[in-house]
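Fold and geometry: a report
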Amino acid sequence: MLKVEDLQVYYGAIHAIKGVSFEVNEGEIVTLIGANGAGKSTILKTVSGLMHPRSGKVTFMGQDITHTDAHKLVPHGLAHVPEGRHVFLQMSVQENLEMGAYIHKTLNKDDLEMVFDLFPRLKERRKQVAGTLSGGEQQMLAMGRALMSNPKLLMLDEPSMGLAPLMIDQIFEIIKSLHKAGKTVLLVEQNASKALAVADRAYVLETGKITLSGTGEELRSSDRVKKAYLGG
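Definitions and cut-offs
Residues numbered from 1 in each chain as written. Predicted model: local features only at pLDDT ≥ 70, side-chain atom pairs only at ≥ 80, totals over all residues. Heavy atoms only, no water. Helix = DSSP H or I, 4+ residues; strand = E, 2+ residues; numbered from the N terminus. Buried < 20%, exposed > 50% of the residue type's maximum accessible area, 1.4 Å probe, protein only. Contact = heavy atoms within 4.5 Å. Areas by Shrake-Rupley, 256 points an atom, 1.4 Å probe, with all protein chains shown as cover. Lys, Arg positive; Asp, Glu negative; His and termini not counted. Charge placed at Lys NZ, Arg CZ, Asp CG, Glu CD. Core = buried A, V, L, I, M, F, W, Y, C linked by side-chain atoms within 4.5 Å. Salt bridge = Lys/Arg side-chain N within 4 Å of Asp/Glu carboxyl O. Pairing = 2+ DSSP bridges. Axes fitted to C-alpha atoms, helices over the stretch in contact; angles between N-to-C directions. Phe/Tyr/Trp six-rings, centres within 6.5 Å; stacked < 30°, edge-to-face > 60°. Lys NZ or Arg CZ within 6 Å of the ring centre and 35° of its normal.

1. Remarks on the overall build of the chain
Helix and strand counts for the chain come out as 10 helices and 10 strands. Seen through its C-alpha atoms, the chain measures out along the principal axes to roughly 45 × 40 × 30 Å. When the 232 residues of the chain are sorted by exposure, 50% land in the buried category. Intrachain contacts of the chain at a sequence separation of at least 6 include 67% that bridge at least 24 residues. Counting every atom, the chain has about 10,800 Å² of accessible surface; 50% of that belongs to carbon and sulfur. The distance from the centre of the 27 positive side-chain charges to the centre of the 26 negative ones in the chain is 2 Å.

Below, the structure is given as structure tokens:
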């Protein structure tokens, strides 16, 4: 579904991503793990068109999208939930969800019910202003809003960041539910233990390069990964 080949990304003179290649197949959860500043978010921004690489290629559903702008990629089936959530704070929960469906001419009530089934708390708070929600609820809303576009590929950037342990467990249960429902997910996450537990395949990113790859289980049992990321 997604193929990234030899991606080279710069911030001015800083070489942030150095020849990264990976792929995501339909129905998989693929995770990128790594320390803060390794380049994980930069890769997602480049795939979703918020940044453009100096060289390399990004192919989505067989189409070259390397230099396609973000707003043109949503109708193609790519949704990006950014780090920090970025919900519309002055709008209600339901209005935020409706904004996620802006590419459709009419609101699909089935999509809305699907989101409410996944996130019952959002249904309870559908009329509440998003700015009054907790961090975890805002994360659910950001994910729900992305799902309203009915994406083929859902990209999640640090969905557990800043959340209480109980809420982190809930978010990862929802990711597992999406997987069971056949959604394809590209997950960027600092919580390596949680990310590897749900991933079909995983890549370790260090200072802009992929240094390890394998199944989620292989990386969880790797001594190198345990030592660096799992506190083992």
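2. As for the nonpolar core
By size, the foremost hydrophobic cluster in this structure holds 43 residues, and its most contacted members are Phe119, Met143 and Ile175. It is helix H7 (residues 165-180) that contributes the most residues to this core, seven residues altogether. Sequence-distant contacts of isoleucine 175, that is, excluding residues within four places in its chain, are made with Ile29, Met143, Leu156, Pro159, Leu187 and Val198. Core analysis: the next-biggest nonpolar cluster, separate from the first, contains 28 residues, Met1, Phe22, Val58 and Val188 among them.

3. Some details on the pattern of salt bridges
A complete count under the given rule lists 10 salt bridges for this structure. Linking lysine 123 and glutamate 113 is a salt bridge whose minimum nitrogen-to-oxygen distance equals 3.5 Å. A residue pair is termed long-range when its members are at least 10 positions apart, and lysine 123 in helix H5 (residues 120-124) and glutamate 113 in helix H4 (residues 109-118) qualify at 10 residues. The exposure class assigned to lysine 123 is partly exposed, which follows from its relative accessible area of 38%. A relative accessible area of 33% means that glutamate 113 is categorised as partly exposed. Linked through salt bridges whose partners overlap, the residues forming this network are Arg121, Glu124, Arg125 and Glu137.

4. Some details on the sheet that holds strand S5 (residues 63-64)
The four strands lie next to each other as S2-S1-S4-S5, forming an open sheet whose pairing is antiparallel. Looking at strand neighbours, the two that pair on one side only are strand S2 (14-24) and S5, the edges of this open sheet. Taken together, the five bridges between strand S1 (residues 2-11) and strand S4 (residues 55-60) define a ladder with antiparallel strand orientation. When the sheet's bridge partners are listed, leucine 2 is paired in S4 with phenylalanine 60. Each of S1, S2 and S4 touches helix H1 (residues 40-47); the most contacted strand, S1, lies at about 115° to it.

5. Structural notes on the packing of aromatic side chains
Under the defined criterion, the tally for this structure stands at one aromatic pair. Taking the centre distance of 5.6 Å and the plane angle of 55° together, the rings of phenylalanine 22 and tyrosine 203 count as tilted. In this pair, phenylalanine 22 is assigned in strand S2 and tyrosine 203 in strand S9 (residues 201-206), connecting sequence segments 181 residues apart. Judged on exposure class, the residue phenylalanine 22 and its partner tyrosine 203 are both buried. Taking NZ or CZ as reference, arginine 54 lies 3.6 Å from the ring centre of tyrosine 10, over its face.

6. Re the environment of proline 75
Structurally, proline 75 can be placed in the loop between helix H2 (70-73) and strand S6 (78-81). Separated by 77 residues in the primary sequence, proline 75 and lysine 152 place their C-alpha atoms 10.0 Å from one another.

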